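Architecture at a glance
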Amino acid sequence: MSYLDLNPNLTSEQLTLKEEVRRFASEVMRPAAEKLDKCASPADVIAKDSILWDVLRQSRELGYHTRVLPEALGGLALSPTDQNIISEEMGWGSAGLSVCMGAGTMPYAMAAMFGSPELIEEFVIPFRDDTKAKYVGCWAITEPEHGGGDQLLIGSKREGIPLIRHDTRAKLDGDEWVIRGQKAAWVSNGTIATHALLHTSVDGTGDERDAALFFLPLNLKGISKGKPLDKIGQRDLNQGEIYFDEVRIPKHYMIVSPEMHEHVLDMILAGANGGMATTFTGVARAAFEEALKYCKARVASGKTLAQHQLVQKRLFDMFTKVECARALARAVNGYNAQTMPPEPHYAVAAKVHNTQVAFDVASDAVQLLGGNGLSKEYPIERIFRDARAALIEDGDNDTLTLGGARYLLERYS
Ligand SMILES: Cc1cc2nc3c(=O)[nH]c(=O)nc-3n(C[C@H](O)[C@H](O)[C@H](O)COP(=O)(O)OP(=O)(O)OC[C@H]3O[C@@H](n4cnc5c(N)ncnc54)[C@H](O)[C@@H]3O)c2cc1C
């Protein structure tokens, strides 16, 4: 019997969607993740003949990249529950590939929402119609000198927030913005992306707190990239630095002005953290399922592991954690989808909680598989490393928690 879904109100379309995404996750993403994880070098992950590109092409052919676009621009018009279903199944398939696909849509999604008609015509429509994965986006926010804690503060005009600025700056020169600076090695898709959603501080406006968001093609003069990053988990996810040396772009590539910046940053935080919460519910479920299957098959001390009471307790605790993670992610994303402005602290709570659940459940699964849990012969070894990265990814959980607390204290008396 396959895993239950406690929501009795899922429509037949949603059950079909779940089956379809599950098929993509188990037949395409999971085998690719296992292969990419074993690549000797991160350069092999993104090589021209890498299976990564087949995964991206297949996901484009299925239209999953359009789930972030509005219906008017040909988006899939999905409900929050539909979105949660897709993210959880994809997270089950591979955390790294899920993040690659999610970050890959960010500049286009934001341009669709905030860009001018010319920008939409020039970049969003070609992305929508791209079944060959020619266009890949990235979210360029973190900098070498500015990690997760700073990102929640930059550009804020709220009282009591200290002045911290991006080292990446934009300055208006006639009809063009000139960009200079650098983003950190952590930018997902950093070395393969064709376009970025770029966060900068803005110079020359008279207010040092000013920050803005740009849609930036990454083939312009003055842009260079670092080496693909080698890391412990989510090895199927490409990451790397991007450098900007006096890059000139037209005025309308600024899609979020300083006046709108803080409001939009809250929206991005709510969306990104909510997405991480569902993706890592899928990772936790994957770990739980590996453990359950193994414990029912492996015989130790004359009976299967699953017949030992201590193992039963551990399995049941893991199951409970997965169910709580899914319930929290669905509640938060459902609530934020209909709340304007969204409430980032709920999304932060779900991200921090669910990534910790994914790590704890994966760690328990390693324990239940014993020596085999440490072996590359079993998928849990990779899932455990992938889950570990999530405690730092998209904002480390420590500084996200502090940011969440700040929102909480501001909002409630
Ligand atoms: C898999 C992965 C994917 C990522 N994808 C992207 C992406 O697409 N785009 C992007 O721009 N970035 C991305 N990141 C970057 C990520 O958001 C940062 O790594 C994270 O915010 C932490 O920043 P840092 O690594 O500079 O750590 P630092 O800022 O140096 O922090 C290190 C540790 O110090 C502690 N700490 C730091 N500041 C404070 C504080 N103010 N108060 C208390 N404790 C503090 C925390 O424990 C923290 O974990 C990704 C990271 C990973 C691991």
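Coordinates for the structure precede this section.
Here we summarise the structure given alongside this text. As the structure is a prediction and not an experimental result, all values here were calculated from the model.

In the vicinity of the ligand, 18 residues are found, and the nearest of them are Trp-139, Thr-142, Ser-188, Gly-395 and Asp-398. The contact in question runs from an oxygen atom of the ligand to an N or O atom on the backbone of Gly-395, over 3.0 Å. Within the side chain of Asp-398, an N or O atom sits 2.5 Å from an oxygen atom of the ligand. Out of a free accessible area of 970 Å², the ligand has 68% covered by protein chains. The element that contributes the greatest number of residues to the shell around the ligand is helix α12 (residues 397-411), accounting for three residues. Of the residues in the shell around the ligand, the class split is six nonpolar, eight polar and four charged. When residues of the shell around the ligand are assigned to domains, at least three fall in each of domain 2 (137-258) and domain 3 (261-411).

Another point: the environment of Ala-196. Its location among the elements puts Ala-196 in strand β4 (residues 195-203). In this structure, the C-alpha to C-alpha distance between Ala-196 and Val-136, residues 60 residues apart in sequence, is 8.6 Å. Ignoring any residue separated from it by four or fewer positions in sequence, one finds Ala-196 in contact with Pro-107, Cys-138, Ala-140, Phe-214, Phe-215, Leu-216 and Leu-218.

Taken as a whole and assessed by the stated rule, the structure comprises 11 aromatic pairs. Ring plane angle 5° and centroid distance 3.9 Å describe the contact between Tyr-108 and Phe-127, whose orientation is recorded as stacked. Remark: Phe-127 occurs in helix α6 (residues 117-128) and Tyr-108 occurs in helix α5 (residues 95-114); sequence separation between them is 19 residues. An identical accessibility class is assigned to Tyr-108 and Phe-127; each is buried.

Our next topic: a nonpolar patch on the surface. Taken together, Tyr-335, Tyr-346, Leu-408, Leu-409 and Tyr-412 make up a surface patch of nonpolar side chains, about 510 Å² in accessible area. As for its placement among the helices and strands, Leu-408 is situated in helix α12. A relative accessible area of 41% means that Leu-408 is categorised as partly exposed.

Two numbers describe a pair of packed helices, the interaxial angle and the distance between the axes. The geometry of helix α1 (residues 12-37) relative to helix α3 (residues 51-61) is characterised by a closest axis approach of 9 Å and an angle of 160° between their N-to-C directions. In terms of axis orientation, α1 runs roughly antiparallel to α3. Between α1 and α3 lies a crossing of left-handed hand. Along its contact with α1, which presents Phe-24, Val-28, Met-29, Ala-32, Lys-35 and Leu-36, the element α3 presents Ile-51, Leu-52, Val-55, Gln-58 and Ser-59.

Between the first and last C-alpha of helix α8 (residues 258-297) there are 58 Å, a value that for 40 residues agrees with the 58 Å anticipated at 1.5 Å per step. At Val-264, α8 shows its maximal bend, which comes to roughly 30°. Most of α8 sits inside the fold, with 30 of its 40 residues counted as buried.

Reading the values: rules and limits
Residues take numbers from 1 onward in each chain, read along the sequence in its written order. Local features are withheld for residues below a pLDDT of 70 in this predicted model, meaning they are given only at 70 or higher, and side-chain atom pairs are given and counted only at 80 or more; totals for whole chains, interfaces and linings count all residues. In computing side-chain values, all of the structure's heavy atoms are included and hydrogens and water are not. Residue proximity to a molecule or strand is established when one non-hydrogen atom of the residue lies within 4 Å of it. Between N or O atoms, a polar contact is any pair within 3.5 Å; within protein, one atom must be a potential hydrogen donor and the other a potential acceptor, and residues adjacent in sequence are included only when both atoms are from side chains. A 1.4 Å probe and the Shrake-Rupley method give the accessible areas. Residues count as covered only by the protein chains that appear here. Numbering goes from the N terminus for both helices and strands, where a helix is a DSSP run of H or I of at least four residues and a strand is a run of E of at least two. Basically, the charged four are Asp, Glu, Lys and Arg, the nonpolar ten are Ala, Val, Leu, Ile, Met, Phe, Trp, Tyr, Cys and Pro, and anything else, Gly included, counts as polar. Boundaries of every domain are those given by an automatic assignment or by a domain database. Two residues form a contact once any of their heavy atoms are found within 4.5 Å. Between 30 and 60 degrees the pair is tilted, below 30 it is stacked and above 60 it is edge-to-face, where a pair is any two Phe, Tyr or Trp rings, Trp via its six-membered ring, whose centres lie within 6.5 Å. Accessible area is worked out with a 1.4 Å probe on protein chains only. A residue is then buried under 20% of its type maximum, exposed over 50%, and partly exposed in between. Exposure above 30% relative accessible area and the lack of any salt bridge qualify a residue for a patch; like charges then connect within 9 Å, and the nonpolar side chains Val, Leu, Ile, Met, Phe, Trp and Tyr within 5 Å. Put simply, a salt bridge is a Lys or Arg side-chain nitrogen that is within 4 Å of an Asp or Glu carboxyl oxygen. Axis lines are fitted to C-alpha atoms, over the contacting stretch for helices. Their N-to-C directions set the angle, which ranges from 0 to 180 degrees. Reported orientations rely on four angle classes, namely roughly parallel under 35 degrees, roughly antiparallel over 145, roughly perpendicular from 65 to 115, and oblique for the rest. For any helix crossing, the convention is left-handed if the near helix is rotated counterclockwise from the far helix by under a right angle, and right-handed if that rotation is clockwise. Each helix should span, by expectation, one fewer than its residue count multiplied by 1.5 Å. A residue's bend is simply the angle between two axes: one fitted to the seven residues ending at it, one to the seven starting at it.

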